[in-house]
Amino acid sequence: MSALGAVEAAGAGPLFRALSAEDGEQRPAEIESLCMRCFCSGVTRLLLTRIPFFKEVIVSSFTCGSCAWANTEIQSAGRIQEQGVRYTLRVTSRQDMNREVVKTDCATARIPELDFEIPAFSQKGVLTTIEGIIDRAVAGLEQDQPVRRVRDQEVASKIDEFIGKLKQLKEVHSPFTFIIDDPSGNSFVENPRAPQKDDALVVTHYRRSPQQAAMLGLEGEELGEKPDDAAEDLRNEVLQFDTNCPECNAPASTNMKLVQIPHFKEVIIMATNCDSCGHRTNEVKSGGAIEPQGTRITLHITDPSDMTRDILKSETCSVEIPELEFELGMGALGGKFTTLEGLLKDIRDLVGRNPFTLGDSSTPSRTGKLQEFIGKLQEIIEGKAKAHLILDDPAGNSYLQNVYAPEEDPELRVERYERSFEQNEDLGLNDMKTEGYESGGASAR
């Protein structure tokens, strides 16, 4: 007899009955099963039930009379939901520890105050309480403690200390947060006030990520169900198209990726690699429009850690280092997305390759000044000298990382300014008509 047939034969009435201790007719079906520990016959009990304000579930329990091994688990009787679900409960009393919890095998349980997490697929699904989940975690940690005390006493002592913290949670001496995150949407935390709102319980539904969909075996289905989001998925992919190498004109490929810079905007990074001559180049384009105002960014370099700041230099940005009386005009070096150290090294290499200061035509005085400049620039790169770096971008599309974000950076100053007529001319804005151009074109005809 099948499991479903055994359940149907166990009693009349609906297949899924509400979970209630007062229902005397609700009895589990018993099925003879093989014990996977001693390979003798055991008994599996199946209970098909409906959890109030949730859904249908299948509770199974196996016991073996020969070796006394027992196992319980729970499975959702419904399909995987359209969205994932996250339950966040603020546990403030002993009554909260008795809330019923459905935790599927793909759900993650967390207690942030202890930095404690039960990963997905590390346990079977279970119908229990919050106290039961903590007890199960304690039992799992205590299982191998005797062996750990022999092999590594220090690790065993730390685990004993952590087990003590978990046990103290059950007394609820201080509030803590309990989180169940289930991408399948089939986990549940009881709301004792249902159908009224529970202020201590926050339920959040979210769209599964591609990684979560693949984990559930729904990768192809998810893509098929969400055709409207195909453009959004392109943001997470590296696009590739064929081109010719600018050096040898051999066929090459260019990779393009749209990147969101935190606290700034989107940029397009393009990189070309030629397999024939080995030529490599990269370029950064702004993913947005020209800003209404220009941007001047001034950084006071005071520490070697400043060299790790991310920097986006657009094609319209000029670079200035007042201490070295150095200025790099817009268009030089092109667009770059790198670190401050990478930008300064590119400037060093650009200056060092100057053909008018090298070779037989160069004078000793000019070569000496160049070497002195490169030496001072190298001291800034190594953090031995302090300096100011100024990025002036009339288009407003350059960026320098604020390591204190979202707080203010004491060493970083960002100024907005109105562009001059000459700057607008360089950007081609003076002759650009963005309003009423249809009527203007019609009158011209």
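Structure: see above.
Residues numbered from 1 in each chain as written. Predicted model: local features only at pLDDT ≥ 70, side-chain atom pairs only at ≥ 80, totals over all residues. Heavy atoms only, no water.

Student: Honestly, the sheet that holds strand β24 (residues 399–400) in this entry has me stumped. Any pointers?
Tutor: Strands pair in a sheet through their backbones, by hydrogen bonds, and they do so in one of two ways: parallel or antiparallel. If you trace the 3 strands from one edge of the open sheet to the other, you get β22-β19-β24, paired in antiparallel fashion. The open sheet has two edge strands with one neighbour each: β22 (336–339) and β24. Bridge count between strand β19 (residues 310–313) and β24: 2 bridges; the pairing is antiparallel. Bridge pairing in β24 links L312 to Y399. Lying over the sheet, helix α8 (residues 340–352) contacts β19 and β22, oriented at roughly 110° with respect to β22. (Pairing = 2+ DSSP bridges. Helix = DSSP H or I, 4+ residues; strand = E, 2+ residues; numbered from the N terminus. Contact = heavy atoms within 4.5 Å. Axes fitted to C-alpha atoms, helices over the stretch in contact; angles between N-to-C directions.)

Student: Looking at this structure, I do not really get the nonpolar core. What am I missing?
Tutor: One finds V91, I130, I134, F176, F178 and I180 to be the most contacted residues of the largest nonpolar core, which totals 30 residues. Breaking this core down by element, the ones donating at least two residues are β6 (84–91), β7 (100–103), β8 (108–111), β9 (116–118), α2 (130–142), α4 (153–169), β11 (176–182) and β12 (188–189). Looking at which element gives the most residues to this core, the answer is α2, with 5 residues. Discounting residues that sit within four places of it in the chain, I130 has contacts with L89, V91, D96, M97, R99, V101 and F178. The next biggest cluster of nonpolar side chains, apart from the first, holds 27 residues, and it includes L299, I301, I311 and V319. (Core = buried A, V, L, I, M, F, W, Y, C linked by side-chain atoms within 4.5 Å. Buried < 20%, exposed > 50% of the residue type's maximum accessible area, 1.4 Å probe, protein only.)

Student: Can you walk me through the packing of α2 against α4 in this structure?
Tutor: Packed helices, taken two at a time, are described by the angle their axes make and the gap between the axes. At a minimum axis separation of 10 Å, α2 and α4 run at an interaxial angle of 165°. By the criterion of interaxial angle, the relationship of α2 to α4 is roughly antiparallel. Crossing hand, α2 versus α4: left-handed. Note on element contacts: α4 touches α2 through I159, F162, I163, L166, K167 and L169, opposite I134, V138, L141 and E142. Of the residues that constitute the contact of α2 with α4, the class distribution is 8 nonpolar, no polar and 2 charged. (Parallel < 35°, antiparallel > 145°, perpendicular 65-115°, else oblique. Left-handed = near helix turned anticlockwise from the far one by under 90°. Nonpolar A, V, L, I, M, F, W, Y, C, P; charged D, E, K, R; others polar.)

Student: Sorry if this is basic, but what is going on with empty space enclosed by the protein here?
Tutor: Empty space left among the atoms is revealed by rolling a probe the size of a water molecule over them. In total, this model carries 1 cavity of 30 Å³ or more according to the counting rule given. The calculated volume of the largest cavity comes to roughly 50 Å³. Around the largest cavity, the lining residues are A109, R110, I111, F116, I118, I133, I134, A137, L166 and F178. Of all elements in the fold, only β8, β9 and α2 reach the threshold of two or more residues within the lining of the largest cavity. A per-class count over the lining of the largest cavity returns 9 nonpolar, no polar and 1 charged. (1 Å grid on protein atoms, 1.4 Å probe; cavity = no way out; pocket = protein on both sides within 12 Å on 5 of 7 lines; lining within 4 Å. Points joined across faces, edges and corners; volume = space filled by probe spheres on them.)

Student: I tried to follow the sheet that holds β12 on my own but got confused; where do I start?
Tutor: Read across the open sheet, the 3 strands follow the order β10-β7-β12; overall the sheet is antiparallel. Two strands close off the open sheet at either side, each with one partner strand: β10 (126–129) and β12. Alignment of β7 against β12, held across 2 bridges, turns out to be antiparallel. Bridged to V101 within β12 is V189. Most of the contacts of α2 go to β10, to which it runs at about 110°, and overall it touches β7 and β10.

Student: Before we go on, may I ask you to explain unusual backbone geometry in this structure?
Tutor: The omega torsion of the bond from A405 to P406 falls at 5°, within 30 degrees of zero and hence cis. Among the structural elements, P406 can be located in the loop between β24 and β25 (412–417). The phi dihedral of A68 falls on the positive side, at around 65°, and the residue is not glycine. In this structure, A68 sits in the loop between β4 (56–63) and β5 (70–76). At E325, a residue that is not glycine, the phi angle is positive and equals roughly 50°. Topologically, E325 is positioned in the loop between β20 (318–321) and β21 (326–328).

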